[in-house]
Structures are given as structure tokens and as C-alpha cells.
Amino acid sequence: MKSENNNYPQRFTPESLCNNFESVVFDVPIYQRLFAWRDEDVLKLMEDLLEAFPKGAPYYLGILTIAVNNGQLDLIDGQQRMTVTTLMAIAFKELDPEKNGYWNKYLANGNRLKFSARDEDTAYLFARANGEKPDHINSRMENAIKLIKDWCTQNFSNTSAFADYVWRNLTLFCSYLPKNYVDKPIELNRYFEAMNSTGRQLKQHEILLVELVSGHPNSVALSDLWQMIADNGKRIVSNRDDTIEEKDQTRQDYKWRLSHSSDIFGSAETHSEEFETIEEIKPASADNSSTGNGDSSKEMIISFEDLLLMALDITLGKDSSRQFYKTEHLLARFEEANLQENGLIDTFFETLYKCRLLLDYKIIWQETGGDFDYDILTEDKDHRLEKFQSMLYVSHQGEFYRWLPKYIKWLIENPDSNPELELGQLKNIDRELHPYIPLLGELNYNEVDRYWFWRLDYELWENRNDSEGWLKDNLSLKDVVNRYVFRANRSIEHLHPQTPTDDKSEVWDKEDLDRFGNLAMISASFNSLQSNESAGVKMERIHHQIETSQLQSLKMLHMWMIYRNGEKWTVDKAKTHEDAMYPYIERLYTKN
């Protein structure tokens, strides 16, 4: 998508602006306030630049929101950043006119930055840029120049290397407003009022937004959509936790949005109607914290950056590995994809929108304490989908890319799926990740993959109502099992201690100690508490967990059930437990 705005800079450093857009002039409209940076703002910028200086990496100062007005670039937002860059140029030049004289190119003989209807400020910058004494002094700008010069003198005996770093690496991004907004001066004023006028380093996803929507005919609508999607603590459609009727309405709303995802673009006329005032358009959020009506105790199980990479992965039709999903390489991944040149910008935004809708509609959310919000909108009364998803999530901590992108892609391709099909697809994906059932002997302490503890707990939960199953003689415990929550526990506990600390505990041989029947997976803190206590002491703690609905393992619950008969834990009981548990694993890939 090309537009006339591509004739102007999309992002620039002082060096690239002079080399490629030498004649560009920026104008600050009358409705913008005066330069307002305080001393601490200026010094914070200089300190940030100093920190980045040894690395030689780009420093991203922010976004300039621009309206092209008869060939002139009106700064609707960003004049604070543009002004402080101009003041830095003056300071560098005055500190060392010989070595830093190239900054004159950026200043363009004092014509680079102008102020509409504020001729005195324009004249002030013109005079300072040309080494002349101004008739009018802008005290705040004058103070900033002095502050920058004093700071440089305190930190460098020679400023030339630092000035050269800023020349080559201080980066500003340009976002151009559509023409229908340019023609509304009052609305441009409101837009400016809504923007953030303080400088800070941009996050990768903010930089990415500018690069993706620059030149797009629906850039404002897509920016607003981006802002909505970026809030990972607030579902797109609210009012979902109340009555059955409201939940059903919300479910229908999501289905409609998924089937009309291309509506995010619309026509220029539709776009103009949807955004009646420029005040409605918001910049990309600086952080993804919940706002408005969101529930601050819940959030998506992946970050916004993870979501962007997942949508890109699906757009490109790939099945990418861990390396692709490293969020620190977000910009590099999109640069490699070259979406604009490949005509995939619209496809990506539509995919991103669908992914976010599905994360809201069909995927568990994480709660602040690490538990999960099981009440998703799918019509699965038994909550098997939610339980299986939480099992996958905790068993693949930090590796959501192994299952979630595949599942989201399948949901996109199968819009009429039902809970039974969705659970089957999740189990198929899980089977691909773990294609081989381990032998019982391979589940010992030294060889076992922790995944099998979580997978077994899911099977125990799913089979809790089996009249001939593991709970058949303990039906009173069914409510405890119903309330079981998967957690990211990773410590493997020996129920019979490896090194008994009391005289009553027997000493088991190594093979029996490490056998699957003597093991359970619990939290690190609980494991530390258990230490080498006797099985009896440990079982008292398990009993407390049962009574307080804080059970950490269904497998351990079964161990407790066997222990109660005789109040003793023996090798034979460990084997009995093992023989009861292993069939749930052994038959996994045959019962479906």
C-alpha cells in the first residue's frame, strides 16, 4: 500500500533526514502548546542516550504524528521531541563548531522547524541556529540548550563521539494522518490534546505499528484496533460473566466478529463515519495493563508481543520454532517477513484480530495468582477444554508456541467447530508433541518427563465420574477433584523420604524409592516443607490441602487414599498405587 506520504520520511535519524529529505520543513501548528520539557525531562533523555552510547545501537525517541498540508509537514504530535532534537543540534554545534559543524545540515540554516503564528519562537530558533543573538529569548528553550551543554561538559572532555552517535542513531518515527482529518483543524487540536507529550523510549510493538500502518488508507482505524488488541487485561467484548442470556449474547457477538473480520478495514467513507472525531483515535499503549472495564485480576496467557508473533506465524503459514518466538527479535521477524512488499499487511491485521478474538472466546485466561479462569465462553458444560488447555499451558511453561498457534490456526480454519471437536484437536496436538507412551520403568525419578504427571492428573480429573474408576470407593472426594486446579508445579516429591529422619521409617532400596508409585509433582515451596519428613507427616499435610481445596496433585490424592488404609506407606502400597495409575497413561493413545 503506497501513498503520497511515502514521499516523506517514515522514520529518520538526523543523518538520514539530511541525506534523503534535506528540504523537509516541520511546522508546529498554533494549537500546540509551547515547548514544555522540564529540566528533569531533558536530563533523563541525555542520560538515556549516554546509556545507549557505548552499545552504538539506535535510540528510539518517539513518534511524530504528521499532517501533510500543501507539502508542509505539520507536527500534530511530537513537537516536544522535535524541538529538543533541534536544541541538541544547536548545543552540539556550539560546543565544538569545528568537529560538530555538520549539525548545521540538520538545522538547515534555522529553517528545519517553524512555529505557525509564533513568529518570535521561529525567529529565536533561526538566530540560535545561525549563531546570532536573538531579539526575543524563549527562556525554556534557552535553558534547555544551556542544560545540554553543561551536561555534555560534565560527562565528556570531547563531545564529538557522542554528538556523532546521536547524529547517526537518534531515531524518530513518522505516522501520517489521513487527509480527511487534515481538513479538520479543530479535530487535529483535540487529537493533539489526547497525545502524550513526554519523551521516552518506544517499545518494539509501538515501532512496529508505525511501520505497518504507514501509508495505509485505514491507518487510523488499524491504530485504534491495535490499541484495543494490545490491552491483554481486557476482553474485547465485555459483560461476559453475568447471566446465561448475557453470556449467550457475548458468544454470538464473538461469532459475528469472527465471521466479519474484514470489517476492520471498511471503505474511506465508512472509516470517516466510524471515527467522527479525531479525539477517538488513541496511540499504541505504552504498557498492556488492564484499563477501563477490564478485570485486573485476569489476563491472557501470552503477552501482546507473543500474540503479534503468533499472528505473523499463522499469516506466513509456518509452524515456527522457539527461535522465531523470541520477543526480543520482534522487529527482526517482521522485517524478514516483509509484509508490505508481499501484499500481506491486510492479511496480517485480519489474522491478528481473529487470534485476539479467539484468545478471548475459546482460550483460558490466567489469574494474578497463577491459577486459570475456567469460565470461557465455549459451550462445554464439563469444562474439559479449559482443564486440558490449563494442563497444556503449565506442562509447556514458556513454550506456548508448541501448541497454541496450531490450535488457533485450526480454530480459524474451522469456524463451525464444537467443544467435542475442539477437545479432540487439542488432544491430537498433544499427541504430536508426545507421540510415545513411556514404559512403566521409564517413569522413574531419574528418567521421567514431568509432562506425564500433569497428563495423568488430567486423566484422573476427566475420569472422576467413572463408577469403576479410581474414585469408586471414595465418592465423597469427588467435590475435591472437581475443584482441582492445574498449577505450574515442577518439584518431584518422594513420598517415602530418600533419607528418613525418624527411627520408624524403613530404609527403601534405590529402585523402590525412585519408582513412579512413590513420586508426585508438587510446588518447590511445598517440597521444601516436606523435606525428609516421614510419609505420615506428609500425609497430614495432604489432608490439610484436601480440606482447604489447595490440592497440588491428584496423583498424590490417590496415594493419600491408599495410605489411609493402615496409616502406613509401604513398598507394596507404592506398587498398588503405580498399578492403578499407569493404565491411565498406557491407554491414552488407544481410547480415542
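What counts and what doesn't
Residues numbered from 1 in each chain as written. Predicted model: local features only at pLDDT ≥ 70, side-chain atom pairs only at ≥ 80, totals over all residues. Heavy atoms only, no water. Helix = DSSP H or I, 4+ residues; strand = E, 2+ residues; numbered from the N terminus. Buried < 20%, exposed > 50% of the residue type's maximum accessible area, 1.4 Å probe, protein only. Contact = heavy atoms within 4.5 Å. Areas by Shrake-Rupley, 256 points an atom, 1.4 Å probe, with all protein chains shown as cover. Salt bridge = Lys/Arg side-chain N within 4 Å of Asp/Glu carboxyl O. Pairing = 2+ DSSP bridges. Axes fitted to C-alpha atoms, helices over the stretch in contact; angles between N-to-C directions. Parallel < 35°, antiparallel > 145°, perpendicular 65-115°, else oblique. Nonpolar A, V, L, I, M, F, W, Y, C, P; charged D, E, K, R; others polar. Polar contact = N/O pair within 3.5 Å; in protein donor to acceptor, adjacent residues only side chain to side chain. pLDDT = per-residue confidence, 0-100. Core = buried A, V, L, I, M, F, W, Y, C linked by side-chain atoms within 4.5 Å. Left-handed = near helix turned anticlockwise from the far one by under 90°. Expected span 1.5 Å × (residues − 1).

What about the overall build of the chain?
Here's step 1: Of regular secondary structure, the chain possesses 26 helices and 11 strands.
Here's step 2: Scored against the burial criterion, the 592 residues of the chain give a buried share of 54%.
Here's step 3: When contacts within the chain are restricted to residue pairs at least 6 apart in sequence, long-range pairs at least 24 apart make up 75% of them.
Here's step 4: When the accessible surface of the chain is split by element, carbon and sulfur atoms take 45% of a total near 26400 Å².

Structural notes on the pattern of salt bridges
Here's step 1: This structure, assessed with the given rule, holds 29 salt bridges.
Here's step 2: Between K406 and E432 there is a salt bridge, with the nearest N and O atoms lying 4.0 Å from each other. You can see K406 sitting in helix α18 (residues 404-413) and its partner E432 sitting in helix α19 (residues 419-433), a full 26 residues away along the chain.
Here's step 3: Each of E94, R128, E142 and K149 takes part in salt bridges that share partners, so that together they form one network.

Here we look at the pairing of strand β11 (residues 519-522)
Here's step 1: Across the two faces of β11 the burial is the same, with L519 and M521 and A520 and I522 all buried.
Here's step 2: The pairing of strand β10 (residues 491-494) with β11 spans 4 bridges and is classified as antiparallel. From the neighbouring strand, H494 faces β11, where its bridge partner is L519.

Concerning unusual backbone geometry
Here's step 1: Within the chain, H383 stands out as a residue other than glycine whose phi angle is a positive 65°.
Here's step 2: Positionally, H383 belongs in the loop between β9 (372-373) and α17 (384-395).

Topic: the sheet that holds strand β4 (residues 72-77)
Here's step 1: Judged by pairing direction, the sheet is mixed, and its 6 strands sit side by side in the order β1-β6-β3-β4-β2-β5 without closing on themselves. What marks the edges here is a single partner per strand, and that holds for β1 (11-12) and β5 (113-115).
Here's step 2: The sheet contact formed by strand β2 (residues 26-28) and β4 spans 2 bridges and is parallel. Looking at β4, one finds that F26 is bridged to L73.

Concerning the packing of helix α16 (residues 345-362) against α18
Here's step 1: Relative orientation of the contacting elements α16 and α18 amounts to 100°, with a least axis distance of 10 Å. One way to sum up the angle between α16 and α18 is to call them roughly perpendicular. Listed contacts from α18 to K354, C355, L358, L359 and K362 of α16 are L404, I408, L411 and I412.
Here's step 2: The residue makeup of the contact of α16 with α18, split by class, is 7 nonpolar, no polar and 2 charged.

A short note on the environment of E94
Here's step 1: Position of E94 relative to the elements: it lies in helix α3 (residues 79-95).
Here's step 2: For the pair E94 and R128, spaced 34 residues apart in sequence, the C-alpha to C-alpha distance is 9.6 Å.
Here's step 3: With sequence-adjacent residues up to four places away left out, E94 is seen in contact with R128, I145 and K149.
Here's step 4: Within the structure, E94 has its side chain in polar contact with the side chain of R128 (distance 2.4 Å).
Here's step 5: Of the polar contacts made by the side chain of E94, one reaches the side chain of K149; its length is 2.9 Å.

Focus on the side chain of R356
Here's step 1: By the secondary structure assignment, R356 is in helix α16.
Here's step 2: Engagement of the side chain of R356 in a polar contact is seen with the backbone oxygen of D231, the distance being 3.1 Å.

Side note on the environment of P583
Here's step 1: Note that P583 resides in helix α26 (residues 571-586).
Here's step 2: Judged by its relative accessible area of 30%, P583 falls in the partly exposed class.
Here's step 3: With 143 residues separating them along the chain, P583 and L440 place their C-alpha atoms 9.6 Å apart.

As for the pairing of β4
Here's step 1: Of all 6 residues in β4, 5 are buried; the element is thus mostly enclosed.
Here's step 2: Where strand β3 (residues 59-69) meets β4, 5 bridges bridge the pair, whose relative direction is antiparallel. Residue pairing across strands places I66 opposite L75, the latter belonging to β4.

A few points about the confidence of the model for the chain
Here's step 1: Taken over all residues, the pLDDT of the chain has a mean of 85, while the share at 70 or more is 86%.
Here's step 2: Predicted confidence is poor over residues 194-200, with pLDDT under 50, and the contacts of this stretch with residues over four places away or in other chains come to 18 contacts.

Structural notes on the nonpolar core
Here's step 1: Counting residues in hydrophobic clusters, the biggest one holds 118 residues, and the most contacted among them are F348 and F349.
Here's step 2: Sort the elements by how many residues they give to this core and α16 lands first, with 10 residues.
Here's step 3: The residues contacting F349, other than those within four sequence positions of it, are L212, V213, L222, L225, W226, I264 and F265.
Here's step 4: Formed by 54 residues, the second largest nonpolar core is a distinct cluster that contains I66, V84, L125 and W167.

Let's talk about the packing of helix α14 (residues 304-315) against α18
Here's step 1: Axis separation between α14 and α18 bottoms out at 10 Å; the angle between their running directions is 60°. Between α14 and α18, the angle falls in the class oblique. Where α14 crosses over α18, the handedness of that crossing is right-handed. Between α14 and α18, the contacting residues are M310, D313 and I314 on the first element and L404, P405, I408 and K409 on the second.
Here's step 2: Residues of the contact of α14 with α18, tallied by class, amount to 5 nonpolar, no polar and 2 charged.

As for helix α2 (residues 39-52)
Here's step 1: Look at α2: 20 Å from first C-alpha to last across 14 residues, which is about the 20 Å you get at 1.5 Å a residue.
Here's step 2: The elements touched by buried residues of α2 are β3, α3, α6 (139-155), α7 (160-169) and β6 (170-176).

With respect to α14
Here's step 1: Over its 12 residues, α14 runs 16 Å from end to end, which matches the ideal 16 Å to within 8%, given 1.5 Å per residue.
Here's step 2: Taking burial as the measure, the 12 residues of α14 include 12 buried ones, the bulk of the element.
Here's step 3: For α14, every residue scored as buried is listed here: F304, E305, D306, L307, L308, L309, M310, A311, L312, D313, I314 and T315.
Here's step 4: On the buried face of α14, the contacting elements are α10 (204-213), α11 (219-230), β7 (298-300), α15 (330-337), α16 and α18.

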